[in-house]
Amino acid sequence: MCAAARKGRRKKEAPAGDTTTVESRKTTTPGELPPRDKLFQFLRDMLLIRRFEEKAGQLYGMGIIAGFCHLYIGQEAVATGVVHALDRERDTVITSYRDHGHMLVCGTDPKLVMAELAGRITGCSKGKGGSMHMFDLKRNFYGGHGIVGAQVPIGTGLAFAHRYRQDGGLCACFFGEGAANQGQVYEAFNMAELWKLPVLYVIENNKYAMGTPLTRATAQPDLYRRGEAFAIPGDFVDGMDVVAVYNKTREVIPFVREKGPFILEARTYRYRGHSMSDPAKYRSREEVEEVRKHHDPIDQLRKLLLEHGWATEAELKEIDREIRAVVNEAARFAQDSPEPPAEELWTDVYVEG
Amino acid sequence: MSITLTMPALSPTMSEGVIARWVKREGDRVEPGEVVAEIETDKATVEFEAVDEGVLGKILVPEGGSARVGEPIAILLEEGETLDQLEAEGAAAASPQTGAPAKAEAAPAPSAAATATATPAAAPPKAPAPAAPAVVRGGALPPEPEIPPGTPMVKMSVREALRDAMAEEMRRDPDVFLMGEEVGHYGGAYKVSQGLLEEFGERRVIDTPITEYGFTGIGVGAAFAGLKPIVEFMTWNFAMQAIDHIVNSAAKTLYMSGGQVRCPITFRGPNGAAARVAAQHSQEYSSWYAHVPGLKVVVPYTAADAKGLLKAAIRDPNPVVVLENEILYGQTFEVPQLEDWVVPIGRARIAREGRHVTLVSFGRWVGLALEAAEALAKEGIEAEVVDLRTLRPLDRATVVASLKKTNCMVVIEEGWPMCGVGAELAALAMEEAFDWLDAPVVRITGADVPMPYAANLERLALPRLEQVIAAARQVCYRD
């Protein structure tokens, strides 16, 4: 399928209609459902992100978290589906400033993430990076980049390193549909295809670049086609359906490892504002409610588990309770941790020696 | 247990909010995610969503009323709980919004809200910041390398010295590679990388498209992954398209990651005016990069320093900016024939000793300073020439020691005067050698104009010998 796509023969036409509403149509046949254990992992990870972000929003309201803070609520299925499809031993992950969810699904301890948000020494960047600049190299997570689109060439550079070392790894490089208009993205696309670098570009199309809907900012809204000029194939997937994201990612990964870059557009939605200070007046409450009621990634997965008889309501409630406890513990840890000592102002400017 | 809803901080600058409207009324059920109230902040009217479920028990701030961030605005009751019960227990026992840790309870308390706004009450007291270290160096400074007696010196152009440095480092470390425009098949736009493709192949000598922003970002990503890229800019003028990655991605990420993410990358290429290429192709960037913590900046003059400093740059675990000069590429100097000639970053060099005046310069203009010193010697002024070699970290000690000896200083640089390297050195003289100064520091800089094309005007826009000689006479009171 992918080889055909590379020649420019795509199976699907661009979806018609208003692209500012969530694409509800399944873009892939769900294929085989992942095993029950996997589905439970998805649920746990998505719930962890949801509850974590809700708590972060709450702590922001209390003044414990400050500055810019971009929540991932609504988009959980994208990072979860993609990261679970990767080979976590060798593949690398990089994303934008909306990065808490990616870190959590990569396996970083929520305590370290929350402590970083609170600006504490126990945070993953010793409190010196904050919400937008978080890294966990032990888990192959390369940030956390605050400049819109910067992670695209940097992620392509991670893919360059995979190829240089012939280690078989790939880089999953996430960016939003707003970043998809940045010039550096296309410079990177060109070199990625020219050098056949193993990079999976995941465009998280949440419909709004800050307050500007996709249709008002982009001349051609089918973002998965953004690689056509460079002969990079692409496809799109319902980013509110974790199974679809996971299956589609698994489907394209062998191509990325062997042949080079691929663009996966995940059509998703963020429930909250662009950042904490966004009043979100550019869309109606009804629009948000519609997505929440009918397309919520967590509700959809819960329903799936119940329908198949793989979980009971009681089990799901128990999981939610466990996750809440983890998140509360993270919040407690963050608040109980000290701020960085004053000496930290002067460290980590240079590698010593 | 009941939960006290407090005035949330809804923007980084908000200190107070007004309840525009209570969407929920007392007695209403509240689900997580439901809008409880609309709050007018300093920026906009924002919906305030519930995080926890419960029943809105009591509204403490009416519509139109204001509260400071952290002050209680309502009480949320748990299922089955009543307000009377709560009052009987004492409102003080109500847990805050988080419903969790003891320390957090202090945050929304009215007394705390009266003083602090966005400061978490749980935060420990801040210690006073320590004084800034004079120089954030990045490791101890290695000594100047010794040239053992009997070491043969070979004549070599700066161009060859730079190529040899890259070749030696690429032989030494398989993680080192070169990327840039025309570095491979073309042999380098200025022939600096000549022969490297033949020796190391296309895997390690990589021609890029003309996309500085993109390939610099790719280089930075490769460095984050542990490779040691040498990114060549055809000239530094074009690196302005890439300066975002040099500053935001390469220089800052170590700090922003709390020391986790290293960026061992070398950015190099010719800097400053070549000849007759006008304003957009003749800019001097020393002070731009020297301004940035997290970068190291070297500006070699001699072939020996070009080779030794570039080797040091490639080995350095930090991002290093190497500012070369096209005019110097063809000039020859003596280079010690040693197996591994490395010049430490951060150490200036006395290029000529003297006792009457200190002439400080770097890069191509050290040549002008030496020429001026030669001319001044004929009239009895013994000038000491300091070649800075590294701009960041600056070797303040060598400059100050020379100044204390001569008591006056002239700085020669090609860059514009405003916020330039000369301005920095004048400040250094004030800060560390004020009592030794016999005359104000004089700066000879590039003219404060875009570089003109006409030959006569271009000459006038660059530092000139007669300016340096006049300045030296002036600070020595020999006019």
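Everything that follows concerns the structure shown earlier in this document.
Below: a short report on this structure. Every value quoted in this text rests on a predicted model; they were computed, and no experiment measured them. (Residues numbered from 1 in each chain as written. Chains lettered and ligands numbered in written order. Predicted model: local features only at pLDDT ≥ 70, side-chain atom pairs only at ≥ 80, totals over all residues. Heavy atoms only, no water.)

Our next topic: the pattern of salt bridges. All names here are of chain B. Going through the model one piece at a time under the given rule, you end up with 55 salt bridges over all chains. For Glu31, the salt bridge identified is with Arg29, shortest N-O distance 3.6 Å. Residue class for Glu31 comes out partly exposed when judged on its relative accessible area of 36%. Among the residues examined, Arg29 registers a relative accessible area of 34% and is labelled partly exposed. A salt bridge links Lys228 to Asp173, with the shortest nitrogen-to-oxygen separation between them at 2.7 Å. Pair noted here: Lys228 is in strand β13 (residues 228-232) and Asp173 is in the loop between α4 (158-172) and β11 (176-180), with a separation of 55 residues, a long-range link. (Salt bridge = Lys/Arg side-chain N within 4 Å of Asp/Glu carboxyl O. Buried < 20%, exposed > 50% of the residue type's maximum accessible area, 1.4 Å probe, protein only. Helix = DSSP H or I, 4+ residues; strand = E, 2+ residues; numbered from the N terminus.)

Here the focus is the sheet that holds strand β4 (residues 35-40) of chain B. Residues and elements named next belong to chain B. The strand order across the open sheet built from four strands is β5-β4-β2-β7, with neighbouring strands paired in antiparallel fashion. With one partner strand each, in any of the chains shown, β5 (45-49) and β7 (66-68) form the two edges of the open sheet. Going from strand to strand, the sheet's axes swing by 40° on average, the running direction of each strand aside. Bridge count between strand β2 (residues 16-22) and β7: three bridges; the pairing is antiparallel. Along β7, the bridge assignment pairs Glu16 with Arg68. (Pairing = 2+ DSSP bridges. Axes fitted to C-alpha atoms, helices over the stretch in contact; angles between N-to-C directions.)

On to the nonpolar core. In terms of nonpolar packing, the biggest core is built from 81 residues, with A:Phe160, A:Phe175, A:Tyr201, B:Trp236, B:Phe267, B:Leu388 and B:Leu425 touching the most fellow members. Of all the elements, helix α6 (residues 151-165) of chain A adds the most residues to this core, at seven residues. The next biggest cluster of nonpolar side chains, apart from the first, holds 76 residues, and it includes A:Leu39, A:Val113, A:Tyr208 and A:Phe262. (Core = buried A, V, L, I, M, F, W, Y, C linked by side-chain atoms within 4.5 Å.)

Often, the extent of an interface is quoted as the loss of accessible area upon association of its parts. The interface of chain B with chain A comprises 88 residues on the first partner and 63 residues on the second. Summing the contributions of chain B and of chain A, the shared interface buries around 6,400 Å²; its carbon and sulfur component is 62%. It is B:Ile218, B:Tyr255 and B:Met256 that lose the most area in chain B upon contact with chain A, and together they represent 11% of the buried surface on that side. At the boundary of chain B with chain A, the tally comes to one salt bridge. For B:Glu38, the salt bridge identified is with A:Arg285, shortest N-O distance 3.7 Å. (Contact = heavy atoms within 4.5 Å. Buried area = accessible area lost by both parts, 1.4 Å probe.)

The subject of this paragraph is helix α2 (residues 36-61) of chain A. Residue and element names in this part refer to chain A. The first and last C-alpha atoms of α2 sit 37 Å apart over 26 residues, in line with the 38 Å expected at 1.5 Å per residue. Most of α2 sits inside the fold, with 22 of its 26 residues counted as buried. Of the residues trailing α2, Gly63 is marked for its positive phi of about 85°. (Expected span 1.5 Å × (residues − 1).)

Looking now at empty space enclosed by the protein. Residue and element names in this part refer to chain B. For the coordinates displayed, the defined rule picks out six cavities of 30 Å³ or more. The volume enclosed by the largest cavity comes to roughly 130 Å³. A breakdown of the residues in the lining of the largest cavity according to their chemical character gives seven nonpolar, four polar and two charged. As a volume, the second largest cavity reaches approximately 80 Å³. The wall of the second largest cavity is formed by 13 residues, among which Asn271, Glu284, Val299, Asn325 and Arg364 lie closest to the centre. Among the residues making up the lining of the second largest cavity, the classes are represented as six nonpolar, three polar and four charged. (1 Å grid on protein atoms, 1.4 Å probe; cavity = no way out; pocket = protein on both sides within 12 Å on 5 of 7 lines; lining within 4 Å. Points joined across faces, edges and corners; volume = space filled by probe spheres on them. Nonpolar A, V, L, I, M, F, W, Y, C, P; charged D, E, K, R; others polar.)

By themselves, these observations are geometric and do not establish any function.
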